[in-house]
Amino acid sequence: MPNGISDDKRRRLEEKMEQFRERQVDEAVQHVLEFSKTPVLLKGELDRFVIGQGKGKRIIATAIAFHYRRLGAALKRALAETDGDIEGALKTTRTPKANILLVGPTGCGKTYTCETASGLVGVPFVVEDMTKFSETGYVGMNVSDILVDLLISGGGNPNVAQMGVVYLDEVDKIAGETSTVRDVSGKGVQKGLLKLVEGVDNTLEVGKERLTLSTKHVLFIAGGAYDTLEGIVRNRLARLNVVGDWRVHLATEDLVSFGMERQLVGRFPVRVVYDRLTTKELEDILVKSADSPLQAYVQDLKDWDIDLRYTEEALGEIARRAKSEGTGARGLTGILHRVLLEDMFQLPGSYTGELMMDGAYVREKLK
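Residues numbered from 1 in each chain as written. Predicted model: local features only at pLDDT ≥ 70, side-chain atom pairs only at ≥ 80, totals over all residues. Heavy atoms only, no water.

A word on the overall build of the protein
Here is step 1: Looking only at helices and strands, the protein has 17 helices and nine strands in total.
Here is step 2: Counting the 367 residues in the protein, one finds 46% classified as buried.
Here is step 3: Partitioning the intrachain contacts of the protein with sequence separation of at least 6 by distance along the chain shows that 71% fall at a separation of at least 24.
Here is step 4: Roughly 19000 Å² of accessible area belongs to the protein as shown, and the carbon and sulfur atoms make up 51% of that amount. (Helix = DSSP H or I, 4+ residues; strand = E, 2+ residues; numbered from the N terminus. Buried < 20%, exposed > 50% of the residue type's maximum accessible area, 1.4 Å probe, protein only. Contact = heavy atoms within 4.5 Å. Areas by Shrake-Rupley, 256 points an atom, 1.4 Å probe, with all protein chains shown as cover.)

Here we look at the confidence of the model for the protein
In low-pLDDT segments, the atomic positions of the prediction should not be examined closely.
Here is step 1: Mean pLDDT for the protein: 88, with 88% of residues reaching 70 or above.
Here is step 2: Long-range and interchain partners of residues 134-138, a stretch whose pLDDT sits below 50, account for eleven contacts in this model, where long-range means more than four residues apart.
Here is step 3: Counting interchain partners and residues more than four positions distant, the pLDDT-below-50 stretch residues 178-184 has six contacts. (pLDDT = per-residue confidence, 0-100.)

As for the packing of aromatic side chains
Here is step 1: One pass over the structure, following the stated rule, counts two aromatic pairs.
Here is step 2: A centroid spacing of 4.9 Å and a plane angle of 55° characterise the contact between Y226 and F258, whose relative ring orientation is tilted. In this pair, Y226 is assigned in the loop between β6 (219-224) and α10 (229-239) and F258 in helix α11 (residues 252-258), connecting sequence segments 32 residues apart. Across the pair, F258 and Y226 agree in class, each one buried. (Phe/Tyr/Trp six-rings, centres within 6.5 Å; stacked < 30°, edge-to-face > 60°.)

Thoughts on the nonpolar core
Here is step 1: Judged by nonpolar contacts, the single largest core of 39 residues is most densely connected at L168, Y226, L229 and M260.
Here is step 2: Every residue in contact with L229, bar those within four places of it in the chain, is listed here: V103, W246, L250, D254, L255 and F258.
Here is step 3: Core analysis: the next-biggest nonpolar cluster, separate from the first, contains 38 residues, A28, A61, V160 and M163 among them. (Core = buried A, V, L, I, M, F, W, Y, C linked by side-chain atoms within 4.5 Å.)

With respect to the sheet that holds strand β1 (residues 100-103)
Here is step 1: Spatial strand order, β2-β3-β6-β1-β7: five strands in an open sheet with parallel pairing. Strands with a single pairing partner mark the edges of an open sheet, and in this sheet they are β2 (125-129) and β7 (270-273). Strand-to-strand, the axes of this sheet are offset by a mean angle of 20°, without reference to chain direction.
Here is step 2: Direction of pairing for β1 relative to β7: parallel, over a ladder of four bridges. In the sheet register, I100 faces β7, and the bridge partner there is V270.
Here is step 3: Along the sheet, helix α3 (residues 54-81) makes contact with β1, β3 (165-169), β6 and β7, crossing β7 at roughly 150°.
Here is step 4: Contacting β2 and β3, helix α7 (residues 144-153) crosses the sheet at an angle of about 150° to β2. (Pairing = 2+ DSSP bridges. Axes fitted to C-alpha atoms, helices over the stretch in contact; angles between N-to-C directions.)

Some details on helix α16 (residues 330-346)
Here is step 1: Maximum bend of α16: about 55°, positioned at L340.
Here is step 2: Of all the positions in α16, only G331, L332, I335, L336, V339, L340 and D343 are classed as buried.
Here is step 3: If you follow the buried residues of α16, they end up packed against α13 (279-288), α14 (293-302), β8 (306-310), α15 (312-325), β9 (353-357) and α17 (359-365). (Bend = angle between axes of the 7 residues up to and from the residue.)

What to know about α10
One full turn of an α-helix is made of 3.6 residues, so residues set three or four places apart face in the same direction.
Here is step 1: Among the residues of α10, those classed as buried are L229, V233, R236 and L237. All buried residues of α10 fall inside an arc of 100° around its axis, so they share one side. Away from the buried face of α10 by more than 90 degrees, exposed residues A238 and R239 are located.
Here is step 2: Tucked inside the fold, the buried residues of α10 contact β1 and α11. (Arc of directions from axis to C-beta.)

Brief notes about the pattern of salt bridges
Here is step 1: For the structure shown, the criterion picks out 19 salt bridges.
Here is step 2: Residues R247 and D245 are paired through a salt bridge, measuring 2.9 Å at the closest nitrogen-oxygen approach.
Here is step 3: The salt bridge partner of R363 is E313, with a shortest N-O separation of 2.9 Å. Of this pair, R363 sits in helix α17 while E313 sits in helix α15, and the two are 50 residues apart along the sequence.
Here is step 4: On the basis of relative accessible area, R363 is assigned to the partly exposed category, the value being 38%. (Salt bridge = Lys/Arg side-chain N within 4 Å of Asp/Glu carboxyl O.)

A word on the packing of α15 against α16
Here is step 1: In contact at an axis separation of 9 Å, α15 and α16 are set at 125° when each is read in the N-to-C sense. In terms of orientation, α15 and α16 fall into the oblique class. In this structure, α15 crosses over α16, and the sense of that crossing is right-handed. Here I318, R321, A322 and E325 of α15 come into contact with α16, specifically with L332, I335, L336 and R338. (Parallel < 35°, antiparallel > 145°, perpendicular 65-115°, else oblique. Left-handed = near helix turned anticlockwise from the far one by under 90°.)

Remarks on the environment of D254
Here is step 1: For D254, the position within the fold is in helix α11.
Here is step 2: Discounting chain neighbours no more than four positions away, the residues touching D254 are L229, I232, V233, R236 and H249.

Some points on the pairing of β6
Here is step 1: Burial analysis of β6 places six of its six residues in the buried class, which makes it a mostly covered element.
Here is step 2: The two faces of β6 match: L219, I221 and G223 on one face and F220, A222 and G224 on the other face are all buried.
Here is step 3: In the sheet, β1 pairs with β6 via four bridges, with the strands oriented parallel. Bridging from a neighbouring strand, L102 pairs with G223 of β6.

Quick look at the packing of helix α2 (residues 39-49) against helix α5 (residues 110-121)
Here is step 1: At a minimum axis separation of 10 Å, α2 and α5 run at an interaxial angle of 125°. As the angle between them shows, α2 and α5 are arranged oblique. The hand of the α2/α5 crossing is right-handed. Across the interface between the two elements, L42, E45, L46 and F49 from α2 touch Y112, T113, T116, A117 and L120 from α5.

The structure is reproduced here in structure tokens:
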């Protein structure tokens with residue numbers, strides 16, 4: 001038999017793929033056009049997943065709700081004027097955009113909040129690790145790779161991609177420093193980001209195709225630990241004889257002093273500071289979050305007819321270890337794995353019934 005598929009089957013396959021792409025565009029557009037979640041409702045849904053960070057979630061929920069409500073309303077008007085041409089509507093739509101800068105220690109829920117929020121809206125979401133851009137500058141990865149990732153997340157359709165969310169993770173790592181090499185690299189990448197963030201038409205070469213991808217409707221969220229930022233703000237407040245919470249007084253000049261380009265900082269008017277999670281909040285993540293890592297292990301063992309039970313003392317031991325290791329919520333999964341590993345290896349197929357994880361059990365496993 002000859003290899004490959006017949007011309008007829010290839011044609012039908014291409015038709016099906018085109019129908020799928022059209023349906024994907026329609027669904028993505030409908031998500032935005034029909035977006036009606038209020039900030040209160042969006043924050044309430046975030047609460048199911050993200051524990052703590054009440055004030056930060058209020059700010060983020062408000063920014064995202066207004067961004068997509070504003071975009072949806074503008075697109076409705078433009079679609080009416082272009083006879084339903086979504087590409088034309090996206091080109092003619094003009095809306096103000098409030099990108100978000102998110103400051104907070106590792107494991108406090110920065111990325112998770114943004115990923116969850118974009119899922120609740122129903123738009124593409126990509127995470128870009130900015131440390132890949134800062135080490136070698138324009139050698140290797142450069143800012144155009146962000147557009148490629150966004151296009152992939154949008155199923156290869158520029159119209160879908162340009163309504164998405166881009167999370168720039170560890171953006172503080174591209175701040176300029178006294179080191180000449182790092183300063184050139186970091187500031188160079190920041191200037192490259194500036195063009196994307198301010199919203200321009202970009203040409204991408206994908207194989208033999210040339211695609212235009214605009215970022216004027218993309219919501220950018222930049223997150224980082226900014227370890228020394230608190231000290232910078234406090235020093236400025238001391239010089240001004242101002243007493244108060246440094247988070248409330250965070251200003252553009254503080255971020256510039258840290259090493260961020262003033263023009264880039266100006267493109268992120270919404271500022272959010274996340275706190276380090278408390279031991280109690282880490283405990284709550286284990287039992288209250290809809291994405292609880294503990295509940296995932298409970299279900300995994302249940303599939304082997306092993307009923308994992310746990311005590312409050314055990315939760316406290318795990319939370320305190322995560323707190324002491326400074327890994328925040330991200331560290332909970334690793335600690336649980338270390339605690340349960342031996343029984344996860346030994347028990348399936350040889351034991352069914354209850355497995356009790358109490359304080360003594362956890363302490364023994366974490367010696």
